[in-house]
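Now for the letters of each chain:
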Amino acid sequence: MDDALQKGLTRRELLSRSMAAGATLVVGAGFVAGADAAWALETTALKPETMATLIQMARDIYPHDHVADEFYAVAVKGYDTPEAAPGIETGIAGLNAAAQGKGYADYLSIGWERDRVDILRALEDSPFFQQIRGGLVTGLYNQKAVWPLFGYEGESYSQGGYIDRGFNDINWL
Amino acid sequence: MAAPFDLKDDSVIVVIGTGAGGGVLSNELAQRGVSVVALEAGGRYLPEDYVNDEWESFGQLAWLDPRTTSGDWRVAKDFSGLPAWIVKAVGGTTTHWAGASLRIQEHEWKAKTNYGEVQGASLLDWPIDRAEMDPWYELAETKLGVTRTGGREGLPGNNNYKVLEAGAKKLGYEEVHTGRMAINSADYDDRMACQQTGFCFQGCKWGAKWSAAYTDIPRGEATGNLEVREKAHVLRIEHGEDGKVNGVVYADADGNEHKQMARAVCVAGNSFESPRLLLNSATSMYPDGLANSSGQVGRNYMRHMTGSVYGVFDKPVRMWRGTTMAGIIQDEARHDPSRGFVGGYELETLSLGLPFMAAFLDPGGWGREFTTALDAYENMAGMWIVGEDMPQETNRVTLNHDVKDQFGMPVANVHFSDHPNDIAMRNHAYTQGAAIYDAVGATRTFPTPPYPSTHNLGTNRMSENPRDGVVNRNGRTHDIENLFVSDGSQFTTGAAENPTLTIVALAIRQADHIAAEMSRGNL
């Protein structure tokens, strides 16, 4: 796991310093964390609420129920820079405005994925959406820590390939 | 060991590019005692340098210099700056290729005769045929160590192959096997046998797959007749007042320009860079570019009718394990217009790792329709479709004067639109591919669109009549007697087969021709 994600917060400490942001995230001063306190991501250029919304947006674009939020956080944390932040703040503000146009407080407060996806679908040709989606293709799926969650085994040369490790072990045909 | 030749030495043959065409040609000339300077835009990477990691390897090997795209092909939308997935390195795309080594079928050499007029297509017969090429194919198969030829055993089938084979048999297909592959099934020619590692596209770390990078190139250098200059990016070919080419201007790794004088020049930079170079070499004597009196340079770009079919099953397949493309169904490669199209296609096993699957399964796709497919990655089998596409004059490589590369040269714009025959063939193949997986219990199948091109053909095509193409039966340009084309851009038509074996066979044949012409005093 990336150094930028801190681990080992106590749940009590975390909850004392944060408030809920969507179903599985909490935000506090300068950080976003999992509601289970399993990880926390400090933000420097982005508002923590923005980062939390970005993480939810990432999950809504590429939802994998067996992939934890922290991997989505790693996938988008690269936008927390002075160069990238203004564009992200503008984009997320647009997302929240779209949510408000449908009567929600903001994007994160929308309870059903399908209602969030409706908003994304309306924005999918925008440069902001395409920036986030395009970045996730490598940001999420090229994380080596994610590969085992999909069964993908990655590098095999150092283990001698699969000649003795099941290249032809299929048994159900 | 490699002989350094002087820039002013005009007795050398300059070969531009060191892949299946240029790399083989350079060695074959060197073996015949001919002095060769091979100019390679990329660096040198050997098995110890290759990495079992899709994106990292892509960054290491791929040609990433700017190009632009147009036309209705989906690549122009999803990968607008990356029309091709080819390699910039010593050995060229032979580091990346899958190893499938098939001879072009007899009828495909005479596509115009056998298919008849196809509206909108610029079909043409090759000026050579299968009977003439067979001895050269045999030399090429021996060089590459192609399995299922010359008494060499086939590779064992991996999980992905077993799924393909079982489905194919249920559909009644008969020509189903683990392919004719330039990947050793046993030790051969100082290269070891395949260890079923996967990552064939990332460079074979065992050297079990043939690549010019660690066979022809060092063997040519060992003769003392071949000098390979790495990171030597050719900018233009120059000619004298007599109209013959006399040398090549290139930029070295530091961007400094040099001119290497030459007896003759052989262009083997792939079907994008070769025509681009001829066009970028325009002069007052050749205002439309070198060898372009026909106006055919850059035209008839072909990329094979491709696509993929992935199938998801209720149990694991783990398709990434083992040789990537050692599996083929050849029954559909025949010419049978009753299917609604001319020409045919091969179905070959293919797998991508999770990172590339995410990028290429449905480019631009998102949401649960997309992610549930990836959730089933472990249970997925995959095949690639490769069929004959129709040459069209309007599918072409041109210079984009609005976009310049790092040396200030106009980049190649690659324009491609499918011919109706291509679409009909692809739809047929999608249906058959899905049926193959359905026959063994697929719960879901995906007709996946073509990737950035790996088979880039035409653009300097071979023709009997100088009006119809750029080069003659020996790959010599119709216009300039000491200028040759030595790569896949010579292809008159694409045929259904993976092109590398034919490029290699043509290169061996061309080396023989050039050496003979030199000994006759004609070159």
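Residues numbered from 1 in each chain as written. Chains lettered and ligands numbered in written order. Predicted model: local features only at pLDDT ≥ 70, side-chain atom pairs only at ≥ 80, totals over all residues. Heavy atoms only, no water.

Chain B is annotated in an unreviewed UniProt entry as Fructose dehydrogenase large subunit from Roseovarius litorisediminis. Taken from UniProt, the Sequence similarities (unreviewed entry) comment for chain B reads in full: "Belongs to the GMC oxidoreductase family." (UniProt positions renumbered as here; feature names shortened; annotations may be inferred.)

Identification of chain A as Twin-arginine translocation pathway signal from Roseovarius litorisediminis is taken from an unreviewed UniProt entry.

Points about the overall build of chain A
Helix and strand counts for chain A come out as six helices and five strands. From first element to last, N terminus to C terminus, chain A shows the α and β order β-α-β-β-β-β-α-α-α-α-α. Considering only C-alpha atoms, chain A reaches an extent of 55 × 40 × 35 Å along its principal axes. Here chain A holds 173 residues, and 47% of them are scored as buried. By sequence separation, contacts in chain A at least 24 residues apart represent 56% of the contacts at least 6 residues apart. A total of about 8000 Å² of accessible surface is found on chain A, and carbon and sulfur atoms cover 52% of it. Computed over 14 positive and 23 negative side-chain charges, the inter-centroid distance for chain A is 4 Å. (Helix = DSSP H or I, 4+ residues; strand = E, 2+ residues; numbered from the N terminus. Buried < 20%, exposed > 50% of the residue type's maximum accessible area, 1.4 Å probe, protein only. Contact = heavy atoms within 4.5 Å. Areas by Shrake-Rupley, 256 points an atom, 1.4 Å probe, with all protein chains shown as cover. Lys, Arg positive; Asp, Glu negative; His and termini not counted. Charge placed at Lys NZ, Arg CZ, Asp CG, Glu CD.)

As for the UniProt feature "domain: Glucose-methanol-choline oxidoreductase N-terminal" (unreviewed entry) in chain B
Per the UniProt entry, the sites bearing "domain: Glucose-methanol-choline oxidoreductase N-terminal" (unreviewed entry) are residues 88-305 of chain B in this numbering. The span residues 88-305 of chain B is 23% helix and 14% strand, and its two end C-alpha atoms sit 24 Å from each other.

Considerations on the sheet that holds strand E4 (residues 31-34) of chain A
Residue and element names in this part refer to chain A. Taken in spatial order, the five strands make up an open sheet running E1-E5-E4-E3-E2, and their pairing is antiparallel. Each having just a single partner strand, strand E1 (5-6) and strand E2 (18-21) make up the two edges of the open sheet. Of the strand pairs in this sheet, E1 and strand E5 (residues 40-42) are connected by two bridges, and their pairing is antiparallel. Paired with Leu 5 across the strands is Leu 41, a residue of E5. (Pairing = 2+ DSSP bridges.)

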